[in-house]
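Listed here are the chains, written in short residue letters.
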Amino acid sequence: MSLYKLSDNITLIDAPINGVKGALGTYLVSGAKTAVIDPGPTSQAEGVISRLGKLGLKNLDWVLATHIHLDHAGGSWLLLKEYPESILHCHPKGAAHMVDPSKLREGAERLFGDRILEYGAIKGVPKNRIQISSDHEIINLDGASLEIHWTPGHSSHSQCYFEPDSRTVFVGDAVGHTMGDGGPVIPVSPPPHNPLQALESIDLIRSLRPEILCVAHFGAHKEPGIYFDRISSRTRLWMRLAERIVDEGMRLDDLVALTMKEDQELADHIKGVEGADHSLKASLLGFYLYAKWVKNG
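Residues numbered from 1 in each chain as written. Predicted model: local features only at pLDDT ≥ 70, side-chain atom pairs only at ≥ 80, totals over all residues. Heavy atoms only, no water.

As for the overall build of the protein chain
Argument step 1. Along its length, the protein chain carries ten helices and 15 strands.
Argument step 2. Whereas a compact globule of 297 residues would reach a radius of gyration of roughly 19 Å, the protein chain reaches 19 Å, a difference of no more than 12%.
Argument step 3. Once the C-alpha set of the protein chain is aligned to its principal axes, its extents read approximately 60 × 40 × 40 Å.
Argument step 4. Considering the protein chain as a whole, with its 297 residues, one finds that 55% of them fall into the buried category.
Argument step 5. Residue pairs at least 24 apart in sequence account for 67% of intrachain contacts in the protein chain once pairs closer than 6 positions are excluded.
Argument step 6. When the 30 basic and 37 acidic side-chain charges of the protein chain are each reduced to a single mean position, those positions are 2 Å apart. (Helix = DSSP H or I, 4+ residues; strand = E, 2+ residues; numbered from the N terminus. Rg over C-alpha atoms; globule rule 2.2 N^0.38 Å. Buried < 20%, exposed > 50% of the residue type's maximum accessible area, 1.4 Å probe, protein only. Contact = heavy atoms within 4.5 Å. Lys, Arg positive; Asp, Glu negative; His and termini not counted. Charge placed at Lys NZ, Arg CZ, Asp CG, Glu CD.)

Quick word on the environment of Ala96
Argument step 1. One can find Ala96 in helix α4 (residues 95-99).
Argument step 2. Between the C-alpha atoms of Ala96 and Ile245, which are 149 residues apart in sequence, the distance is 36 Å.

Concerning the nonpolar core
Argument step 1. Counting residues in hydrophobic clusters, the biggest one holds 37 residues, and the most contacted among them are Val169, Val171, Val175, Ile205, Leu213, Trp238 and Leu255.
Argument step 2. Counting residues per element, this core draws most heavily on helix α7 (residues 224-247), at ten residues.
Argument step 3. Residue contacts for Val171: discarding those within four places in its chain leaves Thr66, Cys160, Ile205, Leu213, Cys214 and Val215.
Argument step 4. Val48, Ile49, Cys90 and Ile122 belong to the second-largest nonpolar core, a separate cluster that totals 31 residues. (Core = buried A, V, L, I, M, F, W, Y, C linked by side-chain atoms within 4.5 Å.)

Focus: empty space enclosed by the protein
It is the rolling of a water-molecule-sized probe over the atoms that shows where space remains empty.
Argument step 1. Following the criterion strictly, the structure yields four cavities of 30 Å³ or more and no others.
Argument step 2. Size it by volume and the largest cavity reaches roughly 60 Å³.
Argument step 3. Around the largest cavity, the lining comprises 13 residues; the ones closest to its centre are Ala174, Gly176, Pro187, His193 and Ala198.
Argument step 4. Listed by contribution, the elements that provide at least two residues to the lining of the largest cavity are α6 (195-207) and α7.
Argument step 5. Grouping the amino acids of the lining of the largest cavity by side-chain chemistry returns eight nonpolar, four polar and one charged. (1 Å grid on protein atoms, 1.4 Å probe; cavity = no way out; pocket = protein on both sides within 12 Å on 5 of 7 lines; lining within 4 Å. Points joined across faces, edges and corners; volume = space filled by probe spheres on them. Nonpolar A, V, L, I, M, F, W, Y, C, P; charged D, E, K, R; others polar.)

Topic: the pattern of salt bridges
Argument step 1. Per the stated rule, a full pass over the model turns up eight salt bridges.
Argument step 2. Between Arg234 and Glu265 there is a salt bridge; the shortest N-O distance is 2.8 Å. Residue Arg234 is found in helix α7, and its partner Glu265 is found in helix α9 (residues 264-270); the two are separated by 31 residues along the sequence.
Argument step 3. Classification of Arg234 as buried rests on a relative accessible area of 6%.
Argument step 4. Linked by salt bridges that have partners in common, Arg230, Arg234, Asp263 and Glu265 make up one network. (Salt bridge = Lys/Arg side-chain N within 4 Å of Asp/Glu carboxyl O.)

Considerations on the side chain of Thr151
Argument step 1. Relative to the helices and strands, Thr151 resides in the loop between β9 (145-150) and β10 (159-163).
Argument step 2. Relative accessible area serves as the criterion here: at 1%, Thr151 is assigned to the buried category.
Argument step 3. Polar contacts involving the side chain of Thr151 include one to the main-chain amide nitrogen of Gln159, which spans 3.4 Å.
Argument step 4. The contacts of Thr151, once residues within four sequence positions are left out, are Ser158, Gln159, Cys160, Ala174, Ser201, Leu204 and Ile205. (Polar contact = N/O pair within 3.5 Å; in protein donor to acceptor, adjacent residues only side chain to side chain.)

Description of the packing of aromatic side chains
Argument step 1. One pass over the full model with this rule turns up three aromatic pairs.
Argument step 2. Consider the rings of Trp238 and Phe287, whose centres lie 5.4 Å apart with planes at 80°: the pair is edge-to-face. Of this pair, Trp238 sits in helix α7 while Phe287 sits in helix α10 (residues 276-296), and the two are 49 residues apart along the sequence.
Argument step 3. With centroids separated by 5.7 Å and ring planes inclined at 40°, the aromatic side chains of Tyr290 and Trp293 adopt a geometry described as tilted. Here the residue Tyr290 and the residue Trp293 both occupy positions in helix α10, the gap between them amounting to three residues, near one helical turn.
Argument step 4. Judged by its relative accessible area of 13%, Tyr290 is buried. (Phe/Tyr/Trp six-rings, centres within 6.5 Å; stacked < 30°, edge-to-face > 60°.)

Shown next as C-alpha coordinates:
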(Lines give C-alpha, C1' and ligand atoms only; values in the text may rest on other atoms or scores of the structure.)
Protein backbone atom coordinates (compact mmCIF):
# COMPACT_ATOMS: atom_id res chain seq x y z
CA MET A 1 0.00 0.00 0.00
CA SER A 2 1.23 3.51 -0.75
CA LEU A 3 -1.75 5.61 0.41
CA TYR A 4 -2.54 6.02 4.12
CA LYS A 5 -5.54 7.96 5.42
CA LEU A 6 -4.52 9.99 8.49
CA SER A 7 -7.80 11.89 8.90
CA ASP A 8 -10.88 12.76 6.84
CA ASN A 9 -8.89 15.26 4.79
CA ILE A 10 -5.24 14.16 5.08
CA THR A 11 -3.59 11.34 3.14
CA LEU A 12 0.03 10.20 3.36
CA ILE A 13 1.43 9.27 -0.05
CA ASP A 14 4.44 6.95 0.04
CA ALA A 15 5.71 7.08 -3.53
CA PRO A 16 9.02 5.23 -3.85
CA ILE A 17 12.28 6.80 -4.98
CA ASN A 18 13.93 4.36 -7.37
CA GLY A 19 11.95 1.53 -5.84
CA VAL A 20 12.66 2.46 -2.21
CA LYS A 21 9.57 3.13 -0.12
CA GLY A 22 9.51 5.01 3.16
CA ALA A 23 12.06 7.54 1.90
CA LEU A 24 9.98 10.72 1.99
CA GLY A 25 6.37 11.26 2.95
CA THR A 26 4.22 13.42 0.68
CA TYR A 27 0.93 14.64 2.15
CA LEU A 28 -2.33 15.50 0.43
CA VAL A 29 -4.59 17.90 2.36
CA SER A 30 -8.11 18.25 0.96
CA GLY A 31 -11.01 20.62 1.40
CA ALA A 32 -12.92 21.96 -1.56
CA LYS A 33 -9.40 22.97 -2.59
CA THR A 34 -6.38 20.69 -2.43
CA ALA A 35 -2.72 20.94 -1.49
CA VAL A 36 0.24 18.57 -1.77
CA ILE A 37 3.03 19.04 0.77
CA ASP A 38 6.58 18.08 -0.30
CA PRO A 39 6.24 16.27 -3.63
CA GLY A 40 9.82 15.03 -3.42
CA PRO A 41 12.36 14.94 -6.25
CA THR A 42 11.22 14.38 -9.82
CA SER A 43 11.72 10.61 -9.60
CA GLN A 44 9.27 10.54 -6.68
CA ALA A 45 6.89 13.22 -7.98
CA GLU A 46 6.09 10.95 -10.92
CA GLY A 47 4.74 8.40 -8.46
CA VAL A 48 2.90 11.09 -6.49
CA ILE A 49 1.06 12.15 -9.66
CA SER A 50 0.15 8.51 -10.35
CA ARG A 51 -1.29 8.07 -6.86
CA LEU A 52 -3.19 11.34 -7.05
CA GLY A 53 -4.77 9.95 -10.18
CA LYS A 54 -5.79 6.80 -8.29
CA LEU A 55 -7.49 9.04 -5.75
CA GLY A 56 -9.43 10.65 -8.57
CA LEU A 57 -7.83 14.07 -8.10
CA LYS A 58 -8.43 16.19 -11.19
CA ASN A 59 -7.45 19.62 -9.84
CA LEU A 60 -4.61 20.63 -7.54
CA ASP A 61 -4.50 24.16 -6.11
CA TRP A 62 -1.27 24.17 -4.12
CA VAL A 63 2.16 22.57 -4.08
CA LEU A 64 3.55 23.39 -0.63
CA ALA A 65 7.25 23.15 0.18
CA THR A 66 8.42 22.79 3.79
CA HIS A 67 11.76 23.87 2.32
CA ILE A 68 13.35 23.88 -1.11
CA HIS A 69 15.95 21.10 -0.86
CA LEU A 70 15.79 18.85 -3.90
CA ASP A 71 14.66 15.75 -2.02
CA HIS A 72 11.56 17.69 -0.89
CA ALA A 73 10.71 20.14 -3.66
CA GLY A 74 12.82 19.15 -6.67
CA GLY A 75 9.82 17.62 -8.43
CA SER A 76 7.58 20.65 -7.98
CA TRP A 77 7.99 21.62 -11.63
CA LEU A 78 6.41 18.32 -12.68
CA LEU A 79 3.29 18.82 -10.54
CA LEU A 80 2.91 22.36 -11.82
CA LYS A 81 3.14 21.01 -15.35
CA GLU A 82 0.57 18.26 -14.64
CA TYR A 83 -1.80 20.67 -12.86
CA PRO A 84 -1.63 24.01 -14.74
CA GLU A 85 -3.83 25.80 -12.20
CA SER A 86 -1.57 24.96 -9.24
CA ILE A 87 0.72 27.40 -7.39
CA LEU A 88 3.97 26.62 -5.60
CA HIS A 89 4.14 28.03 -2.06
CA CYS A 90 7.57 28.40 -0.45
CA HIS A 91 9.61 30.54 1.91
CA PRO A 92 10.78 33.87 0.41
CA LYS A 93 14.43 32.85 0.89
CA GLY A 94 13.85 29.87 -1.38
CA ALA A 95 11.78 31.31 -4.21
CA ALA A 96 14.65 32.40 -6.47
CA HIS A 97 16.23 28.95 -6.20
CA MET A 98 13.00 27.29 -7.27
CA VAL A 99 13.12 29.39 -10.45
CA ASP A 100 16.83 28.68 -11.01
CA PRO A 101 17.84 25.51 -9.12
CA SER A 102 21.50 25.57 -10.24
CA LYS A 103 22.83 26.37 -6.76
CA LEU A 104 20.61 23.69 -5.24
CA ARG A 105 22.11 21.22 -7.69
CA GLU A 106 25.66 22.33 -6.87
CA GLY A 107 25.05 22.01 -3.13
CA ALA A 108 23.51 18.57 -3.49
CA GLU A 109 26.39 17.41 -5.68
CA ARG A 110 28.92 18.51 -3.04
CA LEU A 111 27.11 16.51 -0.37
CA PHE A 112 25.90 13.48 -2.31
CA GLY A 113 27.94 13.28 -5.49
CA ASP A 114 26.44 11.11 -8.21
CA ARG A 115 23.65 10.02 -5.88
CA ILE A 116 21.66 13.08 -6.98
CA LEU A 117 21.12 11.29 -10.29
CA GLU A 118 18.53 9.30 -8.34
CA TYR A 119 16.49 12.51 -8.06
CA GLY A 120 15.73 12.62 -11.78
CA ALA A 121 15.45 15.82 -13.81
CA ILE A 122 16.17 19.07 -11.97
CA LYS A 123 14.19 21.93 -13.50
CA GLY A 124 13.05 25.35 -12.40
CA VAL A 125 9.47 26.56 -12.11
CA PRO A 126 7.97 29.69 -13.71
CA LYS A 127 8.31 32.72 -11.47
CA ASN A 128 4.64 33.60 -11.96
CA ARG A 129 3.62 30.22 -10.50
CA ILE A 130 5.26 30.92 -7.11
CA GLN A 131 3.68 32.52 -4.06
CA ILE A 132 6.07 33.34 -1.24
CA SER A 133 4.96 32.66 2.31
CA SER A 134 4.45 34.95 5.26
CA ASP A 135 5.00 33.82 8.83
CA HIS A 136 1.64 33.00 10.52
CA GLU A 137 -0.36 33.29 7.31
CA ILE A 138 -3.27 30.89 6.69
CA ILE A 139 -4.02 28.98 3.51
CA ASN A 140 -7.78 28.39 3.27
CA LEU A 141 -8.71 25.16 1.48
CA ASP A 142 -12.47 25.61 2.04
CA GLY A 143 -13.00 22.77 4.48
CA ALA A 144 -9.47 22.66 5.85
CA SER A 145 -6.87 25.29 6.60
CA LEU A 146 -3.12 25.38 7.02
CA GLU A 147 -1.24 27.79 9.28
CA ILE A 148 2.31 28.61 8.20
CA HIS A 149 5.06 28.95 10.79
CA TRP A 150 8.65 29.70 9.81
CA THR A 151 11.00 27.16 11.41
CA PRO A 152 14.65 27.99 10.62
CA GLY A 153 17.48 25.75 11.76
CA HIS A 154 17.64 22.88 9.32
CA SER A 155 17.67 25.61 6.69
CA SER A 156 16.92 29.31 6.59
CA HIS A 157 13.96 28.58 4.29
CA SER A 158 12.22 25.96 6.42
CA GLN A 159 8.56 26.30 7.38
CA CYS A 160 5.88 24.03 8.81
CA TYR A 161 2.18 23.72 7.99
CA PHE A 162 -0.30 23.19 10.84
CA GLU A 163 -3.82 21.87 10.24
CA PRO A 164 -5.74 22.92 13.39
CA ASP A 165 -8.88 20.75 13.06
CA SER A 166 -6.95 17.47 13.23
CA ARG A 167 -4.03 19.13 15.06
CA THR A 168 -1.63 17.75 12.46
CA VAL A 169 1.66 19.47 11.74
CA PHE A 170 3.84 18.91 8.66
CA VAL A 171 7.42 19.75 9.56
CA GLY A 172 9.71 18.61 6.75
CA ASP A 173 13.15 18.18 8.33
CA ALA A 174 12.70 20.69 11.17
CA VAL A 175 12.56 17.95 13.82
CA GLY A 176 15.03 15.53 12.27
CA HIS A 177 14.34 12.03 11.01
CA THR A 178 14.16 8.47 12.28
CA MET A 179 17.02 6.12 11.40
CA GLY A 180 15.14 3.05 10.25
CA ASP A 181 11.91 1.69 11.68
CA GLY A 182 11.82 2.71 15.34
CA GLY A 183 15.46 3.79 15.34
CA PRO A 184 17.05 6.86 16.92
CA VAL A 185 15.69 10.29 16.06
CA ILE A 186 18.59 12.36 14.73
CA PRO A 187 18.95 15.88 13.33
CA VAL A 188 18.94 16.39 9.58
CA SER A 189 21.77 18.87 9.62
CA PRO A 190 23.74 19.45 6.42
CA PRO A 191 25.51 22.82 6.37
CA PRO A 192 24.59 25.56 6.84
CA HIS A 193 22.80 24.19 9.91
CA ASN A 194 21.99 26.31 12.95
CA PRO A 195 21.28 24.04 15.95
CA LEU A 196 20.23 26.90 18.22
CA GLN A 197 17.58 28.00 15.75
CA ALA A 198 16.62 24.36 15.29
CA LEU A 199 15.94 24.01 19.03
CA GLU A 200 13.86 27.20 18.99
CA SER A 201 11.85 25.85 16.05
CA ILE A 202 11.27 22.53 17.82
CA ASP A 203 9.91 24.46 20.80
CA LEU A 204 7.70 26.53 18.49
CA ILE A 205 6.25 23.40 16.87
CA ARG A 206 5.72 21.85 20.29
CA SER A 207 3.81 24.99 21.38
CA LEU A 208 1.24 24.31 18.64
CA ARG A 209 0.22 21.21 20.67
CA PRO A 210 -0.01 18.90 17.66
CA GLU A 211 -1.54 15.46 18.04
CA ILE A 212 -0.07 14.10 14.82
CA LEU A 213 3.50 14.93 13.80
CA CYS A 214 4.23 14.35 10.11
CA VAL A 215 7.97 14.18 9.45
CA ALA A 216 9.40 13.91 5.99
CA HIS A 217 11.70 10.97 6.70
CA PHE A 218 9.43 9.25 7.59
CA GLY A 219 5.77 9.08 8.52
CA ALA A 220 3.13 10.23 10.97
CA HIS A 221 3.79 10.03 14.71
CA LYS A 222 0.98 10.10 17.25
CA GLU A 223 3.12 10.81 20.32
CA PRO A 224 4.76 14.09 19.30
CA GLY A 225 5.92 14.93 22.82
CA ILE A 226 8.20 11.89 22.94
CA TYR A 227 9.58 12.71 19.51
CA PHE A 228 10.27 16.34 20.50
CA ASP A 229 12.07 15.21 23.65
CA ARG A 230 14.28 12.81 21.71
CA ILE A 231 15.32 15.25 18.99
CA SER A 232 15.91 18.11 21.45
CA SER A 233 18.07 15.94 23.69
CA ARG A 234 20.21 14.67 20.84
CA THR A 235 20.58 18.15 19.33
CA ARG A 236 21.91 19.47 22.63
CA LEU A 237 24.28 16.49 22.99
CA TRP A 238 25.69 16.95 19.50
CA MET A 239 26.14 20.67 20.11
CA ARG A 240 28.19 19.96 23.24
CA LEU A 241 30.32 17.36 21.47
CA ALA A 242 30.94 19.61 18.46
CA GLU A 243 31.96 22.52 20.71
CA ARG A 244 34.40 20.23 22.57
CA ILE A 245 35.98 18.95 19.36
CA VAL A 246 36.40 22.44 17.92
CA ASP A 247 37.77 23.84 21.19
CA GLU A 248 40.39 21.09 21.20
CA GLY A 249 41.35 21.77 17.59
CA MET A 250 40.23 18.36 16.37
CA ARG A 251 38.61 17.26 13.11
CA LEU A 252 35.22 16.11 11.88
CA ASP A 253 36.33 12.46 12.01
CA ASP A 254 37.13 12.98 15.69
CA LEU A 255 33.59 14.29 16.23
CA VAL A 256 32.17 11.17 14.58
CA ALA A 257 34.27 8.94 16.84
CA LEU A 258 33.34 10.90 19.97
CA THR A 259 29.65 10.79 19.06
CA MET A 260 29.80 7.03 18.63
CA LYS A 261 31.35 6.82 22.10
CA GLU A 262 28.99 9.23 23.89
CA ASP A 263 25.73 8.46 22.04
CA GLN A 264 25.27 4.80 22.91
CA GLU A 265 21.74 4.44 21.50
CA LEU A 266 22.94 5.69 18.15
CA ALA A 267 26.11 3.55 18.18
CA ASP A 268 24.14 0.41 18.96
CA HIS A 269 21.64 1.09 16.20
CA ILE A 270 24.02 1.81 13.32
CA LYS A 271 26.59 -0.86 14.12
CA GLY A 272 27.01 -2.93 10.97
CA VAL A 273 24.44 -0.92 8.97
CA GLU A 274 25.77 -0.24 5.49
CA GLY A 275 26.24 3.46 4.77
CA ALA A 276 25.23 4.54 8.29
CA ASP A 277 28.66 5.98 9.09
CA HIS A 278 28.51 8.20 5.99
CA SER A 279 25.02 9.38 6.92
CA LEU A 280 26.14 10.18 10.47
CA LYS A 281 29.17 12.10 9.25
CA ALA A 282 27.00 14.14 6.89
CA SER A 283 24.63 15.00 9.76
CA LEU A 284 27.46 15.94 12.12
CA LEU A 285 29.12 18.17 9.52
CA GLY A 286 26.51 20.89 10.10
CA PHE A 287 27.18 20.85 13.86
CA TYR A 288 30.95 20.86 13.33
CA LEU A 289 30.91 23.83 10.96
CA TYR A 290 28.47 25.72 13.18
CA ALA A 291 30.76 25.23 16.21
CA LYS A 292 33.73 26.46 14.16
CA TRP A 293 31.72 29.50 13.03
CA VAL A 294 30.80 30.33 16.64
CA LYS A 295 34.40 29.92 17.85
CA ASN A 296 35.87 32.04 15.07
CA GLY A 297 33.24 34.76 15.46
